[in-house]
Each structure stands twice: as structure tokens, then as C-alpha cells.
Amino acid sequence: MNSHAQELLRYVINGIVATAIHYGVLTFNLEVLNFPSAGLANLAAAVFGIITSFLGSRYFVFRKTDETILLQAMKFSGLYGVIAVLHFLVLLIWTDWLGLDFRIGFLIATGLQVSLSYIGNKFLVFKT
């Protein structure tokens, strides 16, 4: 397997772990803490997924530690801040406004997130 394919595989693994944590916290927020808004519950849960994704991207996926962690974290936070707002808006519209199942909205938002985050991380945050 070439290095690009290996990187993509590591990206998928990291994404699955970060998404599982994000989804777990979202479900906890809605079903245990009874957040009144799926959009806000998702925004809070996104923080946990973003932290997991950053650490996995830095040390496991792209293995780019030559730049300071603070600078990478700032770039990553900017990218994921935009993605988190997009994720929030999808859940807000899908679940809060349209009254549809939050699980389906989460899948739609996550599909957008996966596409945007790989491109942004590869070419902006962890570029060679």
C-alpha cells in the first residue's frame, strides 16, 4: 500500500474514533442531560470530537509534529470552527426546525465534515 493510501486509511480510522466520541457525547447530551436543542447539544459534543480529531491527525494521520502544537492547534481550530458551525446549522435546521430525526441529520452533517476536514487538514493545517 502506498503512503497516500496509508494516510487515507489512518484518516478514516481517526475519523471513526472522533465521530464515535462526538456522537456519544451528542447522544448523552440529548438523552441524559436533556439539552433543549439538538443544535446546541451537537455544538457542545463537537468540541470533544474536534480535540480527538486534532490529536489523532497530528500524531497518527499526518504525523506532522515539526510545527509547534499551538500553531497547528490554532489552524485546526479555525478549520474545525467553521465545520462545527456547519454541523450545528445542519442539526438546527434538520431537527429543531424541520422536526426530523437527529441521527439522520448527524449523518448528513458528518458527510460534509469528512470531505471538508480531509482537504483542509492536508492542504492547510498539516501541509508538507
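Small disclaimer: the values here were computed from a predicted structure and weren't measured.

Draft legend 1. Representation of unusual backbone geometry. With phi around 55°, Asn 34 is a residue other than glycine that occupies positive phi space. Take Asn 34: it is sitting in the loop between α1 (3-31) and α2 (38-61). Despite not being glycine, Arg 63 shows a phi value in the positive range, around 50°. Positionally, Arg 63 belongs in the loop between α2 and α3 (69-97).

Draft legend 2. Quick look at α3. Between its first and last C-alpha, α3 extends 39 Å over 29 residues, near the 42 Å set by a 1.5 Å rise per residue. Taken together, the buried positions of α3 are Gln 72, Phe 76, Leu 79, Tyr 80, Ile 83, Ala 84, His 87, Phe 88, Val 90, Leu 91, Leu 92 and Thr 95. Contacts from the buried residues of α3 go to α1, α2 and α4 (102-125). Of the residues one or two after α3, Gly 99 is the one with positive phi, at around 70°.

So, how was this worked out
Residues numbered from 1 in each chain as written. Predicted model: local features only at pLDDT ≥ 70, side-chain atom pairs only at ≥ 80, totals over all residues. Heavy atoms only, no water. Helix = DSSP H or I, 4+ residues; strand = E, 2+ residues; numbered from the N terminus. Expected span 1.5 Å × (residues − 1). Buried < 20%, exposed > 50% of the residue type's maximum accessible area, 1.4 Å probe, protein only. Contact = heavy atoms within 4.5 Å.

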